[in-house]
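Spelled out from the first residue to the last, the chains are:
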Amino acid sequence: MNKCIFLDRDGVLNKDYVDYVYSKEKLFILPGVEEALHKLKDHGYLLVVITNQSGIAQGIYKEEDMHEVHRLMQDSWGNAIDEFYFAPGHPSVSESLSRKPGSLMFERAIAKYNIDVSKSWMIGDKDRDLIPAKKMNLKTIQVDHSDSTNADFKVKNLPEALDIILQNN
């Protein structure tokens, strides 16, 4: 079985904006992310991004725009991410079992990659990232915010999360 780091995208890997990240101009990779991702890979973790992309359902941007942002991320990080899972729905437009805090994206990745949840983590910036992770028995780390009762650990950024993971490996 494989161990995995599940990562929320906006607010963990890149700067989050109220009006979404869907273009090269809005993509700002947070400091230390590339190094942290490579260290996690060096320690044998799969890296899977689990992201809500409700701007697609709302007509703010197209799925192709999101894929372009993911391509830019992968180019920047030397293809460190094993897979991006995304939920394009938004409650104002359509209901979706995939959208966090639902756990369907996690379930799909766990099945596809034969992931051992006891050796895996979710890193997110919002409670909705951590709720499904707890349902799946993943250890959780919240970055940047402190409002979650579902966080096993709270840190400022991904590099600090890396330290927690390696100490509790």
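As the structure is a computational prediction, the values presented were derived from the model and not from experiment. (Residues numbered from 1 in each chain as written. Predicted model: local features only at pLDDT ≥ 70, side-chain atom pairs only at ≥ 80, totals over all residues. Heavy atoms only, no water.)

### A short note on the layout of surface pockets
Empty space within the largest pocket amounts to approximately 250 Å³. Taken together, the elements giving at least two residues each to the lining of the largest pocket come down to strand S2 (45–52) and helix H4 (127–135). Grouping the amino acids of the lining of the largest pocket by side-chain chemistry returns three nonpolar, three polar and nine charged. Size it by volume and the second largest pocket reaches roughly 180 Å³. As for the second largest pocket, its lining consists of Gly11, Val12, Lys15, Asp16, Leu30, Asp125, Val143, Asp144, His145, Lys156, Asn157 and Leu158. When the residues that make up the lining of the second largest pocket are grouped by side-chain class, the tally is four nonpolar, three polar and five charged. (1 Å grid on protein atoms, 1.4 Å probe; cavity = no way out; pocket = protein on both sides within 12 Å on 5 of 7 lines; lining within 4 Å. Points joined across faces, edges and corners; volume = space filled by probe spheres on them. Helix = DSSP H or I, 4+ residues; strand = E, 2+ residues; numbered from the N terminus. Nonpolar A, V, L, I, M, F, W, Y, C, P; charged D, E, K, R; others polar.)

### A word on the side chain of Gln142
In this structure, Gln142 sits in strand S5 (residues 139–143). Owing to a relative accessible area of 0%, Gln142 belongs among the buried residues under this scheme. Those residues in contact with Gln142, other than ones at most four positions away along the chain, are Gly124, Asp125, Lys126, Asp127, Leu130, Asp147, Ser148, Ala151, Phe153, Lys154 and Val155. (Buried < 20%, exposed > 50% of the residue type's maximum accessible area, 1.4 Å probe, protein only. Contact = heavy atoms within 4.5 Å.)

### Some thoughts on the sheet that holds strand S3 (residues 83–87)
Spatial strand order, S3-S2-S1-S4-S5-S6: six strands in an open sheet with parallel pairing. Taken across any chain shown, the strands that pair with only one partner, and hence form the sheet edges, are S3 and strand S6 (153–155). Averaged over all adjacent pairs, the angle separating strand axes in this sheet is 20 degrees, with direction ignored. The pairing of S5 with S6 spans three bridges and is classified as parallel. What sits directly across from Val143, in S6, is Val155. Packing against the sheet, helix H2 (residues 63–77) makes contact with S2 and S3, and its axis sits at approximately 150 degrees to S3. (Pairing = 2+ DSSP bridges. Axes fitted to C-alpha atoms, helices over the stretch in contact; angles between N-to-C directions.)

Spatial relationships are all this shows, so hold off on functional conclusions.
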